[in-house]
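Fold and geometry: a report
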Amino acid sequence: MGLKILHSADWHLDAPMLFRDPGQTQLLRSTLQSIPARLSAACRAEQCDMMLLSGDLFDGAYAADTLRSLKSALADAGVPVFISPGNHDHIGNESPWLTEQWPENVHIFDKNTMEALEFPQYGEPSSALIKMYLGGEFGSSPSDVNAYAASAFYAVDRYASYKKVWGQWYEDGGLIVS
């Protein structure tokens, strides 16, 4: 069983509709405004595990009703929603990503950096059993080491990295996506 992710980006909600006639503008705005609810419905219908929204959901300025309908649609998605703001809706002091209250299932990547965590940590002593296992020192056949023992090797390494590398960051509210 795999992980099913609904991914979308570049909606540009409330974008200025320059150089379009009023009929085109109305149609485009209506279509853009329907995106969040339609994707939320698709997420439920397709039984997705998460929604990933990769920036430029807004096109700078936004209307209050757009924000309300976006929040409502994301809350209705029924899955965790991860938002990575883009260059048109970047994180800033007045950004809705920082100033608004978002539904509980919505996580906004609001830091300027992301960090990669290495698992296993091959340069650390905690990976010794993993290296021995992968090197065939416990047998040449996969059945020579039962799955519980093999998973314990990896668990020791993860625990050591939690205690030494990323635990405090996680306890302070950091998010791990693996």
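To keep things clear, this report deals only with the structure shown in the data block. (Residues numbered from 1 in each chain as written. Predicted model: local features only at pLDDT ≥ 70, side-chain atom pairs only at ≥ 80, totals over all residues. Heavy atoms only, no water.)

1. Re a nonpolar patch on the surface
Taken together, the side chains of W169, Y170 and I176 define a hydrophobic patch exposed on the protein surface, amounting to about 280 Å² of accessible area. Assessed through its relative accessible area of 41%, W169 is described here as partly exposed. (Patch = residues over 30% accessible without salt bridge, like charges linked within 9 Å, V, L, I, M, F, W, Y side chains within 5 Å. Areas by Shrake-Rupley, 256 points an atom, 1.4 Å probe, with all protein chains shown as cover. Salt bridge = Lys/Arg side-chain N within 4 Å of Asp/Glu carboxyl O. Buried < 20%, exposed > 50% of the residue type's maximum accessible area, 1.4 Å probe, protein only.)

2. Some words on the pattern of salt bridges
Scanning all chains against the criterion turns up three salt bridges. Notably, a salt bridge pairs K71 with E100, separated by 2.7 Å at the nearest N-O pair. Here K71, found in helix 2 (residues 64-75), pairs with E100, found in the loop between helix 3 (96-99) and strand 4 (106-108); they are 29 residues apart in sequence, far enough to count as distant. Linking K164 and E124 is a salt bridge whose minimum nitrogen-to-oxygen distance equals 3.0 Å. Placement of K164 in helix 5 (residues 147-171) and of E124 in the loop between strand 4 and helix 4 (128-134) is noted, with a sequence separation of 40 residues between them. A relative accessible area of 31% means that E124 is categorised as partly exposed. (Helix = DSSP H or I, 4+ residues; strand = E, 2+ residues; numbered from the N terminus.)

3. Things to note about the packing of aromatic side chains
As enumerated under the stated definition, the model contains eight aromatic pairs in all. Between F58 and Y62, the aromatic rings sit 5.0 Å apart at their centres with planes inclined by 40 degrees, giving tilted as the arrangement. For Y62, a relative accessible area of 28% corresponds to the partly exposed category. Arranged with centres 6.5 Å apart and planes meeting at 35 degrees, the rings of Y159 and Y162 form a pair that is tilted. With Y159 and Y162 both in helix 5, this residue pair falls three residues apart, about one helical turn. One aromatic cluster is present, built from ring pairs that chain together F58, Y62, W97 and W102. The lysine or arginine in question, K71, covers the ring of W102, its NZ or CZ lying 5.6 Å from the ring centre. (Phe/Tyr/Trp six-rings, centres within 6.5 Å; stacked < 30°, edge-to-face > 60°. Lys NZ or Arg CZ within 6 Å of the ring centre and 35° of its normal.)

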